Amino acid sequence: MAVFEAILELADDHLVLGHRISEWCGHAPMLEEDLAMPNMALDLIGTARTLYDRAAMLEGKGRSEDDMAYLRGEREYRNCLLVERPNEDFAHTMLRSLYFAAFMRPFWLATLEMTTDETVRGVAGKAEKEMAYHIRHAGEWVIRLGDGTEESARRMRDAVAALHIYTGELFESSPAATEAEAEGVLPVRADMRAAWEDVIGQVFAEALLEAPEVPYPQTGGRKGLHGEGLGHLLAEMQSVYRAHPGATW
Amino acid sequence: MYSQGLIGADGSTTETPEFLDTFQKRIDAEQKIEPTDAMPEGYRRTLVRQIGQHAHSEIVGMLPEGNWITRAPSLRRKAALLAKVQDEGGHGLYLYSAAETLGVSREQMTEELHSGKAKYSSIFNYPTLTWADIGIIGWLVDGAAIMNQIPLCRCSFGPYARAMIRVCKEESFHQRQGYEIVMTLAQGTPEQKAMAQDALNRWWWPSIMMFGPHDADSQHSDQSMAWKIKRFTNDELRQKFIDATVPQAEYLDLTIPDPDLKWNEAKQGYDHGPIDWDEFWRVVKGHGPMARDRIKDRKAAWDNGAWVREAALTHAEKRRARKMAAE
Amino acid sequence: MTQATPLWEVFIRPRNGLSHKHVGSIHAADEVMAVQAARDVYTRRGEGTSIWVVRSADIVASDPDQAGENFEPTADKIYRHPTFYEIPEDVGHM
């Protein structure tokens, strides 16, 4: 059951971030980004679907990927707080993706080395490359905005101030994740720290940004303790599904 | 997803009869015209306007469907809809590129869309009220688009024809995506079926209107046909669309909201009831229910993105300067 | 700010063994973003294995007014084509 929960945490991270990015569709700063952001969202949603499916199979109660996504409330969602943060502006959105992908890339690479779960290995092989591209795309934007105009630099610094406090949670393993790590299904999250700092350090150096000290990191997502925004996200996402119990779409 | 028959084309031109004659011979010989070739001013103007309207329609068309991405009732539907709306953006991009070969910039076209000077398809000025609208739009609006766009792959202007070939190839999944949604609803719970019928009732007439005014009332259509910018008339395309769609509705046991719709054995096609042209012109002229919201949304995206585009350009300038200093 | 984002032409190699082919254009402020935009716009359905981008403004084109003198003189040089030469069928494929 612990492995089921640990995979669910990962699936929720991907769905919630994919959903947030998809909110941009049709409203991006330039047409090229209206194409780029859905690519990122589709990568994330695709990974979430495979993971939900795997989690449901491990649970063995006959739930579908959609039951997982659409019938759990905000206290049952297990995503980290970073991914549910609102889009705010393009600076926040790109930085959020950079922070997440810079964690997930080494995580999936490590997974490929050690996992005993074939489905998870399949996901890792695909997602590792996707995350490498997300790092590049989001990273190049962070550099341009950080070292762009006065306004863009200010917005980028605001984004760092707003989001950096949520990055610590990426490296924390919940009790379920700790068990999945012990069972050889997932790698130890804390081990990704060096690789993550390396990527963020390189991007920030070019973007003229500084990583702030975080005396009070924000965590709680893995216990279902979220910000207020997630409830709205889920209310919107689940509205049709929940209004027609048992219907097929 | 296509714009309707061109709104307000002006094919008038002032070249010598000899020049026009030579040009027409090239067209008649099915030679493609490329951007740097000599062409009548009216031909260029008609194309800029038509490709622009088409591009704007794709871009504005992202909004009504985008309205449901966050509420799509399954992850499979969510991914498909996101990919479809992304495609519409891509099609707008290809089309802007085609227009840019004629010397009009994307910024300029965007400006004209926001100021209301440029038109876009009237269909996108209607609201998407339920999930069923997403199915119906894919089925009807993309279905109408296919009717319109396939002949455009043979348009005489090379860049437009090439863009349309790419668009048609990509769009092949759009109508199927929509029809599958409607089929699932029609075969679902009574509430779902009612939702599908309601959406069909609201979108049928606007879809029929997408093909533009009747041939008899369609100005400048003859010139576009002669120049092979257009290959079929509005009424021909509308007829093809209705004939293809009626059996698809019957298969789903849904009723097309036109009491006068009936098979005409003599013409081997369906006759349809009168179209409300007052509504059509009202919506084309910017008084559709969602007209203000659509432009407001597009303008907000553009204006809110200004600092991003500016930062990218400023950064590019810095990079160039640094590179030069290093050399 | 009315400065326009530059236009780039995009060339894609559909698969190894084929040359890069012009597929369209995109807007980007610099070459790095141009390659990314080309990837995101033009390779969504597995269309390619390699991308080239070049600033549209950097392309040097032949003058359309010189099309006649450039391209018509080759029309009568039919001896450059194999069918110009008559070889008896008995000789076999050549």
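What you are looking at is a predicted structure, and each value in this text was computed from that prediction instead of being measured.

Participant: Could you give an account of the overall build of chain B, naming the residues involved and the relevant values?
Facilitator: In terms of helices and strands, chain B carries twelve helices and two strands. Helices (α) and strands (β) of chain B occur, in sequence order from the N terminus, as α-α-α-α-α-α-α-α-α-β-β-α-α-α. For chain B, the residues scored as buried account for 59% of the 327 residues in total. Excluding contacts between residues fewer than 6 apart, the proportion of contacts in chain B whose partners are at least 24 apart in sequence is 80%. Accessible surface computed for chain B: about 13,100 Å², of which carbon and sulfur atoms make up 55%. The average position of the 41 basic charges and that of the 45 acidic charges among the side chains of chain B differ by 6 Å.

Participant: Could you give an account of the sheet that holds strand 1 (residues 7-13) of chain C, with specific residues and numbers?
Facilitator: Residue and element names in this part refer to chain C. Taking strand neighbours across the sheet as the criterion, the three strands line up as 2-1-3 in an open arrangement whose pairing is antiparallel. Single-partner strands in this sheet number two, and they are strand 2 (21-27) and strand 3 (50-55). Across the sheet, the axes of successive neighbouring strands diverge by a mean angle of 30°, strand direction being ignored. Bridge analysis of strand 1 against strand 3 gives six bridges, and the strand direction is antiparallel. Each bridged residue has a counterpart across the sheet, and for Val10 the counterpart in strand 3 is Val53. Contacting strand 1, strand 2 and strand 3, helix 1 (residues 31-42) runs over the sheet at an angle of about 115° to strand 2.

Participant: An account of the interface of chain A and chain C is needed here, citing residue identities and associated values.
Facilitator: Opposite the eleven residues of chain A that make contact, chain C presents twelve residues. If you look at where chain A meets chain C, you find one salt bridge. Note that C:Asp30 is salt-bridged to A:Arg144, the shortest N-O span being 2.7 Å. For the pair chain A and chain C, the interface holds seven residue pairs in polar contact (both at pLDDT 80 or more). Mapped onto the side of chain A that touches chain C, the elements with two or more residues apiece are helix 2 (31-59) and helix 6 (118-146) of chain A. Among the elements that make up the side of chain A that touches chain C, the one with the highest residue count is helix 6 of chain A (six residues). Classifying every residue of the side of chain A that touches chain C gives five nonpolar, two polar and four charged.

Participant: Requested: an account of the pattern of salt bridges, with residues and values cited.
Facilitator: Residues and elements named next belong to chain A. Enumeration over the complete set of coordinates arrives at 46 salt bridges over all chains. Glu23 is the salt-bridge partner of Arg20, the closest N and O atoms lying 3.0 Å from each other. Glu23 sits in the partly exposed class, given a relative accessible area of 26%. Arg121 is the salt-bridge partner of Glu118, the closest N and O atoms lying 3.6 Å from each other. Of this pair, Glu118 and Arg121 both sit in helix 6, three residues apart, roughly one helical turn. By relative accessible area, Arg121 is classed as partly exposed at 28%.

Participant: Quick rundown of the interface of chain B and chain A? Include the residues and the values.
Facilitator: Contacts between chain B and chain A engage 48 residues on the former and 47 residues on the latter. For the pair chain B and chain A, the two sides together bury roughly 4,000 Å², of which 67% comes from carbon and sulfur. Of all residues in chain B, B:Leu75, B:Gln86 and B:Trp307 bury the most surface against chain A, accounting for 20% of the area lost on that side. There are three salt bridges connecting chain B and chain A. Of the charged contacts in the structure, one is a salt bridge between B:Arg322 and A:Asp147, with a shortest N-O distance of 2.5 Å. Between chain B and chain A we count 16 residue pairs in polar contact (both at pLDDT 80 or more) in total.

Reading guide: rules and limits
- Residues numbered from 1 in each chain as written.
- Chains lettered and ligands numbered in written order.
- Predicted model: local features only at pLDDT ≥ 70, side-chain atom pairs only at ≥ 80, totals over all residues.
- Heavy atoms only, no water.
- Helix = DSSP H or I, 4+ residues; strand = E, 2+ residues; numbered from the N terminus.
- Buried < 20%, exposed > 50% of the residue type's maximum accessible area, 1.4 Å probe, protein only.
- Contact = heavy atoms within 4.5 Å.
- Areas by Shrake-Rupley, 256 points an atom, 1.4 Å probe, with all protein chains shown as cover.
- Lys, Arg positive; Asp, Glu negative; His and termini not counted.
- Charge placed at Lys NZ, Arg CZ, Asp CG, Glu CD.
- Pairing = 2+ DSSP bridges.
- Axes fitted to C-alpha atoms, helices over the stretch in contact; angles between N-to-C directions.
- Salt bridge = Lys/Arg side-chain N within 4 Å of Asp/Glu carboxyl O.
- Polar contact = N/O pair within 3.5 Å; in protein donor to acceptor, adjacent residues only side chain to side chain.
- Nonpolar A, V, L, I, M, F, W, Y, C, P; charged D, E, K, R; others polar.
- Buried area = accessible area lost by both parts, 1.4 Å probe.

Geometric values such as these leave the question of function open.
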